[in-house]
Amino acid sequence: MSEAPIIDPPQAATETPQAEGDAPAQSKKGAKKAEAKAKKEAEKARKAAEREAAQAAAKKADDVDHAKENYGDITPDTKVDAERVSLKKLGEEHLDKTIRLRAWIQNARMQGAKMAFVELREERSWSIQGVIAASPEGKPVSKQMAKWVGGLSLESFVMVEATVKKPLEPVKSCKVSDYELHITKCYLVAPGPEVLGLSLNASNRPVGSLDDEEPAQPAAPTEGVENLSLADAAAPTASLLTHLNNIVMHKRAPVQQAIADVRVAVRKLFSEYLESKGFSQFEPPCLIGAASEGGANVFSMPYFNQKAYLAQSPQFYKQYEIAAGRKRVYCIGPVFRAENSNTPRHMTEFTGLDMEMEIEDDYEEVRDMIEATLMYIFRGLQEKCKDEIEYIRTIYPSEDFLLPEPGKEVRLTFAEGQKLLREEGPEEYRNVSDEEDMSTPQEKALGALIRKKFKTDFYVLDKFPEGARPFYTIEDPNNSKVCNAYDFFMRGQEILSGGQRIHLPGLLEARLRRKGIDPTSSGIKEYVDVFRSAGVPPHGGGGIGLDRVVAWYLNLPSVHLAAYYPRTPKRLFP
């Protein structure tokens, strides 16, 4: 009998026939691999979750602003204890020290997400670069703070705390180029608008047009579109209309502030010289009860139950001071002319520098005193305003204002000036008359001739035709066709008229009648009576247009640029 095959009992117990369609059974090795893979995927998921949690925590921590006390709108409780230092006085002694500065945002730009550069302007053209960068720990500057400062509107006014540092290289766009400020605090005192009506860049450029009327088709606004540096030559220009309609930005321009500094210097030099020569200052009224000088070009207004006028000049009042016993007087104040003259050399209100003095021997004493005063002013400007003049010339280029050497002043009679025009001037002036006043083009042509011939931009024309002078001007005793009267010129344009006045009432009445003026008319009678009330010595003087002196010395394209708030037939605001 044959033996049956021996079968391993456990194996026999576990093996079952494979049903049709079932997947193959997993081996031990496969199971281990699957288990390892599952563990690996679980670990990977765990690490990913940890990373996400860490990133979320970091983001949450990053969103916490640790510098929120160091920036924002200023409040009554805001304090910055650092020393206040003016940019014009910033020096090596301030290096690495913390200072406080109040300034305008002249320019601002972000550099990445955590750094910003700003140009801070304190006054005039005094500006410095500011840098604000977020620190890793977010204090004293956070990412949010850097972004806020970089987004401030141009011409916002801020107060900053900053450490003075040396830049890697000079900052050419700022006047203070050898230092920069690393900002640690910044508070907004007053915000600027989202879009400026006139950008500082445009306001500090030459006016693009002298027209002060609204154009038929307004140009699309370009100001404020780009954050250009003040020194950027690509900045747009703007018309005089745009400048004056945006008066704050017009006057913020460093060039306008430099012009204003020159203007103030002229006033001071005028007073300084005259007071050194024994002149006393007085204050004439602007409101008067009759049309001064008998002219029609006056502004009238209701004055309680009568009519009043704005003074055309302080002429009568200067003479009253001399009649009252003053030997020499001067005044500085507004003068009003109701003339519908819409030119770059005229305004309806301007500032007059007026003087009057007693004559001892000859009216030339007065002429020469005024000439010496102006020479003192011009030479004083060369010394006191050298930097301002140089800066203005970067915007409005001009040649040096030529002055005659001492003792070689140019004084021509009116007839000599006309003769020079006839002989050496343009063809159209070959037949100019000695008895007719000069036109503006004639004056400019003569100025060019005198500059070429005598090397000066300043000169005097004397002995004007009788018909070209007001009724109170005395005639030349040797030639009744001319008067003891003169005009002073700068660059071929008149800046002063003056002469000897009639001081005898009988002579004054006779000349009034020859001029077609009734000596008994209101305002005139009272003027003539002054010379009857007491003996008045011979005297003379002149009135200088301050705005013109500044404009022509700097060779500006318009006298309106030399005025603080120009008044013209078309402009009464701001």
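Residues numbered from 1 in each chain as written. Predicted model: local features only at pLDDT ≥ 70, side-chain atom pairs only at ≥ 80, totals over all residues. Heavy atoms only, no water.

Looking at an unreviewed UniProt entry, one finds the protein chain named Probable aspartate--tRNA ligase, cytoplasmic and attributed to Xylaria arbuscula. Its UniProt record gives the protein chain the following Catalytic activity (unreviewed entry) comment, quoted word for word: "tRNA(Asp) + L-aspartate + ATP = L-aspartyl-tRNA(Asp) + AMP + diphosphate". If you open the UniProt record of the protein chain and go to Subcellular location (unreviewed entry), you find "Cytoplasm". (UniProt positions renumbered as here; feature names shortened; annotations may be inferred.)

Draft legend 1. The overall build of the protein chain, seen in detail. Scanning the protein chain for helices and strands turns up 15 helices and 20 strands. Here the analysis covers contacts within the protein chain between residues at least 6 apart in sequence; of these, 70% occur between residues at least 24 apart. A total accessible area of about 30,200 Å² is found for the protein chain, and carbon and sulfur atoms account for 51% of it. (Helix = DSSP H or I, 4+ residues; strand = E, 2+ residues; numbered from the N terminus. Contact = heavy atoms within 4.5 Å. Areas by Shrake-Rupley, 256 points an atom, 1.4 Å probe, with all protein chains shown as cover.)

Draft legend 2. Just the packing of helix α13 (residues 505-514) against helix α14 (residues 524-533), in detail. Direction vectors running N to C along α13 and α14 enclose 155°, while the axes themselves pass 9 Å from each other. By the angle between their axes, α13 is roughly antiparallel relative to α14. Counting all contacts with α13, which are made through Pro505, Leu508, Glu509 and Leu512, the residues of α14 involved are Ile524, Tyr527, Val528, Phe531 and Arg532. Residues of the contact of α13 with α14, tallied by class, amount to seven nonpolar, no polar and two charged. (Axes fitted to C-alpha atoms, helices over the stretch in contact; angles between N-to-C directions. Parallel < 35°, antiparallel > 145°, perpendicular 65-115°, else oblique. Nonpolar A, V, L, I, M, F, W, Y, C, P; charged D, E, K, R; others polar.)

Draft legend 3. Looking closely at a nonpolar patch on the surface. Together, Val264, Tyr564 and Tyr565 make up a nonpolar patch on the protein surface, roughly 260 Å² of accessible area in all. Secondary-structure assignment places tyrosine 564 in the segment after α15 (546-554). The partly exposed category is assigned to tyrosine 564, whose relative accessible area is 32%. (Patch = residues over 30% accessible without salt bridge, like charges linked within 9 Å, V, L, I, M, F, W, Y side chains within 5 Å. Salt bridge = Lys/Arg side-chain N within 4 Å of Asp/Glu carboxyl O. Buried < 20%, exposed > 50% of the residue type's maximum accessible area, 1.4 Å probe, protein only.)

Draft legend 4. Representation of the sheet that holds strand β20 (residues 539-545). Pairing is mixed in the open sheet, where eight strands are placed in the order β8-β12-β13-β20-β19-β18-β15-β14. Two strands bound the open sheet, and with one partner strand each, they are β8 (280-281) and β14 (411-413). With three bridges connecting them, β14 and strand β15 (residues 458-462) associate as parallel partners. Its bridge partner being in β15, threonine 413 is matched across the sheet by aspartate 462. (Pairing = 2+ DSSP bridges.)

Draft legend 5. How the structure looks around the confidence of the model for the protein chain. When pLDDT is averaged along the protein chain, the result is 89; 90% of the residues meet or exceed 70. Mean pLDDT across the secondary structure elements of the protein chain bottoms out at helix α1 (residues 9-14), with 47, and peaks at β8, with 98. Counted against residues more than four places away or in other chains, residues 9-14, with its pLDDT under 50, gives one contact. Counting contacts from residues 218-228, a segment whose pLDDT is below 50, to residues more than four positions away or on other chains yields 18 contacts. (pLDDT = per-residue confidence, 0-100.)

Draft legend 6. Just the side chain of threonine 473, in detail. With respect to the helices and strands, threonine 473 occurs in the loop between β15 and β16 (475-476). Those residues in contact with threonine 473, other than ones at most four positions away along the chain, are Cys483, Asn484, Ala485, Gln500, Ile502 and Arg511.

Draft legend 7. Main features of the pattern of salt bridges. For the structure shown, the criterion picks out 44 salt bridges. We note a salt bridge from arginine 124 to aspartate 261, for which the minimum N-O separation is 2.8 Å. A residue pair is termed long-range when its members are at least 10 positions apart, and arginine 124 in the loop between β4 (115-123) and β5 (126-133) and aspartate 261 in helix α7 (residues 254-276) qualify at 137 residues. With a relative accessible area of 30%, arginine 124 lands in the partly exposed category. Between glutamate 466 and arginine 511 there is a salt bridge whose closest N-O contact spans 2.7 Å. Of the two residues, glutamate 466 sits in the loop between β15 and β16 while arginine 511 sits in helix α13, which places them 45 residues apart along the sequence. Through salt bridges with shared partners, one network takes in Glu364, Arg367, Asp368, Glu371, Glu409, Arg411 and Asp462.

Draft legend 8. Broad picture of helix α3 (residues 143-150). Turning to α3, its buried residues number three or more, namely Met145, Ala146, Val149 and Gly150. Angular distribution of buried residues about the axis of α3 spans 130°; they occupy a single face of the element. Structurally, α3 contributes buried residues whose contacts are with β1 (71-73), β3 (98-110), β4, β5 and β7 (176-190). (Arc of directions from axis to C-beta.)

Draft legend 9. Seen up close, the packing of aromatic side chains. This structure, assessed with the given rule, holds 20 aromatic pairs. Summarising the aromatic geometry, the rings of phenylalanine 458 and phenylalanine 488 are spaced 6.0 Å apart at their centres and angled 45° between planes, so their arrangement reads as tilted. Of this pair, phenylalanine 458 sits in strand β15 while phenylalanine 488 sits in strand β18 (residues 485-490), and the two are 30 residues apart along the sequence. By relative accessible area, which is 2% here, phenylalanine 458 ends up buried. By relative accessible area, phenylalanine 488 is classed as buried at 0%. Note on tyrosine 459 and phenylalanine 489: the rings are 5.2 Å apart at their centroids and 5° apart in plane angle, and the pair reads as stacked. Remark: phenylalanine 489 occurs in strand β18 and tyrosine 459 occurs in strand β15; sequence separation between them is 30 residues. (Phe/Tyr/Trp six-rings, centres within 6.5 Å; stacked < 30°, edge-to-face > 60°.)

Draft legend 10. The arrangement of the pairing of strand β13 (residues 349-358) in detail. Burial analysis of β13 places eight of its ten residues in the buried class, the great majority of the element. Where strand β12 (residues 328-336) lies against β13, nine bridges are found, and the strand directions are antiparallel. Bridge pairing links valine 329 to glutamate 356 in β13. Where β13 meets β20, seven bridges bridge the pair, whose relative direction is antiparallel. Note on β20: the bridge partner recorded for aspartate 354 is glycine 543.

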